[in-house]
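Reading the structure
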Amino acid sequence: QVQLVESGGGLVQPGGSLRVSCAASGSIFSINAMRWYRQAPGKERELVAGITSGGRTNYADSVKGRFTISRDNAKNTVSLQMNSLKPEDTAVYYCNADIRSWVVLSYHDYWGQGTQVTVSS
């Protein structure tokens, strides 16, 4: 079975920085794209950033220049460095990945359980 586990959320003041990470584990054959989504109370889940296996990245306009996504293919991890945080960045952040397992040899969409990020003074 494949599992995604996020870590690193918490409370930070406006203008501060926080790093969230996600580790994929289990019977993994390969990982294609990895992404971070977020969902604020009363709002729909939105894509924050994505990164391909080759390292190509994309970002939501609202976080460009402030957030940086990175991955370690050897460790099956993806991280999101968040700088200059704003109160509107407050949300539950979810890790998402397209993973091919040894059990089911086709790519499937996996999600982590989410980690809370709160930006407040």
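Right, let's walk through the structure included here. (Residues numbered from 1 in each chain as written. Predicted model: local features only at pLDDT ≥ 70, side-chain atom pairs only at ≥ 80, totals over all residues. Heavy atoms only, no water.)

The strands making up a sheet are joined through hydrogen bonds of the backbone, oriented either antiparallel or parallel. Taking strand neighbours across the sheet as the criterion, the four strands line up as β1-β3-β8-β7 in an open arrangement whose pairing is antiparallel. The open sheet has two edge strands with one neighbour each: β1 (2-7) and β7 (67-72). Each strand of the sheet is rotated relative to its neighbour by a mean of 15°, with strand direction disregarded. As paired strands, strand β3 (residues 18-26) and strand β8 (residues 77-82) are joined by six bridges and run antiparallel to one another. Counterpart to Leu18 in the pairing with β8 is Met82. (Pairing = 2+ DSSP bridges. Helix = DSSP H or I, 4+ residues; strand = E, 2+ residues; numbered from the N terminus. Axes fitted to C-alpha atoms, helices over the stretch in contact; angles between N-to-C directions.)

Let us look at the side chain of Asp89. Residue placement: Asp89 occurs in the loop between β8 and β9 (91-101). For Asp89, a relative accessible area of 1% corresponds to the buried category. Side-chain polar atoms of Asp89 contact the side chain of Arg38, separated by 2.9 Å. (Buried < 20%, exposed > 50% of the residue type's maximum accessible area, 1.4 Å probe, protein only. Polar contact = N/O pair within 3.5 Å; in protein donor to acceptor, adjacent residues only side chain to side chain.)

Attention now moves to the pairing of β3. Pairing of β1 with β3, which is carried by six bridges, proceeds in the antiparallel orientation. Within the sheet, the bridge partner assigned to Leu4 lies in β3 and is Ala24.

Here we take up the pairing of β8. Moving residue by residue along a regular strand, the side chains alternate between the two faces of the sheet. Pairing of β7 with β8 involves six bridges; the strand directions are antiparallel. Bridged to Asp72 within β8 is Thr77. Where β7 folds back onto β8 in an antiparallel hairpin, the turn is made up of four residues, including Asn76, whose phi is positive at roughly 55°.

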